[in-house]
Amino acid sequence: MKTFILGKVLSALAVIFVLTIIIFLMVRLLPGDTATIMLGAEGTPEQIEAVRAKYNLNEPLPNQYVAWLTNVFRGDWGVSFANRTPVMPLVLERLPRTLLLGSVSTALALIVAIFFGVVSAAKHNSNTDLGISVGSLVLLSVPEFWMGVLFMLLFAVTIPILPAGGYVRPDVDFGKFVLSMILPVATLTIHNIPPMIRLVRSSMLEVLREDYITLALTKGNSPGRVYFVHALRNSLIPIATTISLLVTSLMAGVIVIEKVFQFPGIGLLLLNAIHVRDYPMIQACILIFSVIVVVINMLTDIVYAAIDPRIRFE
């Protein structure tokens, strides 16, 4: 098992290294000249050239990449072009908010999806199964940003019981902090429940056809115990896959939701940085998102091996 974990860690590090190259080149391919955007229409050619020299924008791309990566390993993620402050403190300030938003949404979506997925599979071809499947399909077809705007209009305008956006730190006012989290968390959760329900349902249907499930029911075990203990346990690998895929899509969803609700997380920071071509900030934000996805996928593979030891030998 230790060898398996070490191999996964080394693979994750290799993937992150490749991603640093892709991120660096992708950011440099953005249209527009950074120095011109920073100085605006009033910038003279001399001032533009001075800005390029100050931020090493005249250097060859390989030199810029090596310098950036070296500084990242040293803990220096550069200085924001937009506000002339170090990037790392700004990113680290917003990272916990995005992680909180994503983790709470994922946990709630997983709990709800497992319950309804198991119930749908247990009531296969019944009205309950049909209702859950139709409801999932309807929610799956609703765009995430539209759902956020709809919630905002309903609960912040029509029935003004929740704030339309923004964020209040818990140490300032815990009550307002909870209220500011409800709409973005609810939007992300509801958007991510349907695909998880469908996968849990299909996985459970395969397991429920096994002979040991029939034997467990024949021996007098309650249906709840059979479905939620015996059958669900053997459906964990596809569910773990769902979590891995969910986190990947969640990264894109977080960016959209943070923009809709003006939630001051990394997603909103990234969008603002793209608008002003703030290279160091863009690179830092995308790198953070990429590392989160890679780490989650690595942990998923390790969970696979813990659930089914045969996987580590494949």
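None of the values given here were measured: they were computed from a predicted structure. (Residues numbered from 1 in each chain as written. Predicted model: local features only at pLDDT ≥ 70, side-chain atom pairs only at ≥ 80, totals over all residues. Heavy atoms only, no water.)

A. Representation of the packing of aromatic side chains. Following the criterion strictly, the structure yields eight aromatic pairs and no others. When the ring of Y65 is compared with that of W68, the centres are 6.2 Å apart and the planes differ by 50 degrees; the resulting orientation is tilted. Separated by three residues within a single helix, Y65 and W68 lie in helix α4 (residues 61-73), roughly one turn from each other. The exposure classification of Y65 matches that of W68, with both residues buried. (Phe/Tyr/Trp six-rings, centres within 6.5 Å; stacked < 30°, edge-to-face > 60°. Helix = DSSP H or I, 4+ residues; strand = E, 2+ residues; numbered from the N terminus. Buried < 20%, exposed > 50% of the residue type's maximum accessible area, 1.4 Å probe, protein only.)

B. A look at helix α7 (residues 144-158). For α7, with 15 residues, the first-to-last C-alpha span of 20 Å sits near the 21 Å given by 1.5 Å per residue. Looking only at α7, the buried set comprises E144, M147, G148, F151, M152 and A156. (Expected span 1.5 Å × (residues − 1).)

C. Looking closely at the nonpolar core. Counting 47 residues, the largest nonpolar core has W77, V91, M251, I266, L270, M281 and I288 as the members making the most contacts within it. With 11 residues, helix α13 (residues 279-307) is the single largest residue contributor to this core. Other than its neighbours up to four places away in sequence, I288 contacts W77, V91, L95 and I266. (Core = buried A, V, L, I, M, F, W, Y, C linked by side-chain atoms within 4.5 Å. Contact = heavy atoms within 4.5 Å.)

D. Fine view of the layout of surface pockets. There is about 220 Å³ of room inside the second largest pocket. Lining the second largest pocket, in full, are L13, I16, F17, T20, L69, V72, F73, W77, L287, I288 and V291. Only α1 (2-28), α4 and α13 provide two or more residues apiece to the lining of the second largest pocket. Here the lining of the second largest pocket gets four residues from one element, more than from any other, and that element is α1. (1 Å grid on protein atoms, 1.4 Å probe; cavity = no way out; pocket = protein on both sides within 12 Å on 5 of 7 lines; lining within 4 Å. Points joined across faces, edges and corners; volume = space filled by probe spheres on them.)

E. Representation of α1 within the structure. With 27 residues, α1 should reach 39 Å at 1.5 Å per residue; the first-to-last C-alpha distance of 39 Å fits that figure. F4, A12, I16, T20, I23, F24 and V27 are the residues of α1 that are buried.

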